[in-house]
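One letter stands for each residue in the lines below.
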Amino acid sequence: MDDLILKGSSVIPSVCLTASGEMSFEGRCIPENPQELFDELISWFNEYAVSPAAKTVLTFRFEYLNSASVKNVLHLLKTLVQLLGDASELIVRWVYEEDDEIIFEAGESLQMLVKIPFEFVPVPES
């Protein structure tokens, strides 16, 4: 299985999805067509779920994400939880700047909706 590496831009986060189970999203997430981006990610997760790593660590470090992206991240997380079942331990890390209440609260909302615990990691403002 090939890793999926997407270079970020001013509107799309950098994405690194690896077959070893280390996965990250970093940057701004305000794509013009979020469905296109997230469909590619869901497709990769479908392939990954056939033979997942024993531990899957998903790290989100968003500078900004719009409501359409929050909805798509929710769908992505729910899909991954369903696909993995008990086949892989899923750890979700939500990294946010310690003064950024909006990103922190987005993570709290997603955690509540997906019903899995997140690790919240505050970092100093950059």
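Our subject is the structure that appears above.
Residues numbered from 1 in each chain as written. Predicted model: local features only at pLDDT ≥ 70, side-chain atom pairs only at ≥ 80, totals over all residues. Heavy atoms only, no water.

Caption draft 1: Summary view of helix α1 (residues 34-48). A rise of 1.5 Å per residue sets the reference length of α1, with its 15 residues, at 21 Å; its end C-alpha atoms lie 21 Å apart and thus fit the reference within 8%. Within α1, the full set of buried residues consists of Pro34, Leu37, Phe38, Leu41, Ile42, Trp44, Phe45 and Tyr48. What you see down the axis of α1 is that its buried residues fit within an arc of 160°, all on one side. Of the surrounding secondary structure, the elements contacted by the buried residues of α1 are β1 (4-6), β2 (14-17), β3 (22-29), β4 (55-65) and α2 (67-84). (Helix = DSSP H or I, 4+ residues; strand = E, 2+ residues; numbered from the N terminus. Expected span 1.5 Å × (residues − 1). Buried < 20%, exposed > 50% of the residue type's maximum accessible area, 1.4 Å probe, protein only. Arc of directions from axis to C-beta. Contact = heavy atoms within 4.5 Å.)

Caption draft 2: Structural view of the pattern of salt bridges. Using the criterion set out here, one finds one salt bridge in the structure. Notably, a salt bridge pairs glutamate 119 with arginine 93, separated by 2.9 Å at the nearest N-O pair. Pair noted here: glutamate 119 is in strand β6 (residues 118-123) and arginine 93 is in strand β5 (residues 89-97), with a separation of 26 residues, a long-range link. Since its relative accessible area comes to 34%, glutamate 119 is described here as partly exposed. Taking the relative accessible area as the measure of exposure, arginine 93 reaches 30% and is therefore partly exposed. (Salt bridge = Lys/Arg side-chain N within 4 Å of Asp/Glu carboxyl O.)

Caption draft 3: Expanded view of the sheet that holds β2. One open sheet accounts for six strands, arranged β1-β2-β3-β4-β5-β6; its pairing is mixed. Single-partner strands in this sheet number two, and they are β1 and β6. On average, adjacent strands in this sheet sit at an angle of 15° to one another, irrespective of strand direction. Pairing geometry for β4 and β5, over six bridges, is parallel. If you follow leucine 58 over to β5, its bridge partner there is valine 92. Packed onto the sheet, α1 meets β1, β2, β3 and β4 and runs at close to 160° relative to β1. (Pairing = 2+ DSSP bridges. Axes fitted to C-alpha atoms, helices over the stretch in contact; angles between N-to-C directions.)

Caption draft 4: Layout of the packing of α1 against α2. Where α1 contacts α2, the two axes come as close as 10 Å, and the packing angle between them is 10°. Comparing their axes, α2 and α1 come out roughly parallel. Contacts from Pro34, Gln35, Phe38, Leu41, Ile42, Phe45, Asn46 and Tyr48 of α1 reach α2 at Ala68, Ser69, Asn72, Val73, His75, Leu76, Thr79, Leu80, Leu83 and Leu84. Classifying every residue of the contact of α1 with α2 gives 12 nonpolar, six polar and no charged. (Parallel < 35°, antiparallel > 145°, perpendicular 65-115°, else oblique. Nonpolar A, V, L, I, M, F, W, Y, C, P; charged D, E, K, R; others polar.)

Caption draft 5: Representation of the pairing of β5 in the model. As for the winding sense of the linkage, the β-α-β connection from β4 through α2 to β5 is right-handed. Relative to β6, β5 runs parallel, the two being bridged by six bridges. Paired with valine 92 across the bridge in β6 is phenylalanine 118. The parallel pair β5 and β6 is bridged by helix α3 (residues 101-114), and the resulting crossover is right-handed. (Right-handed = clockwise from strand over helix to strand, strands pointing away.)

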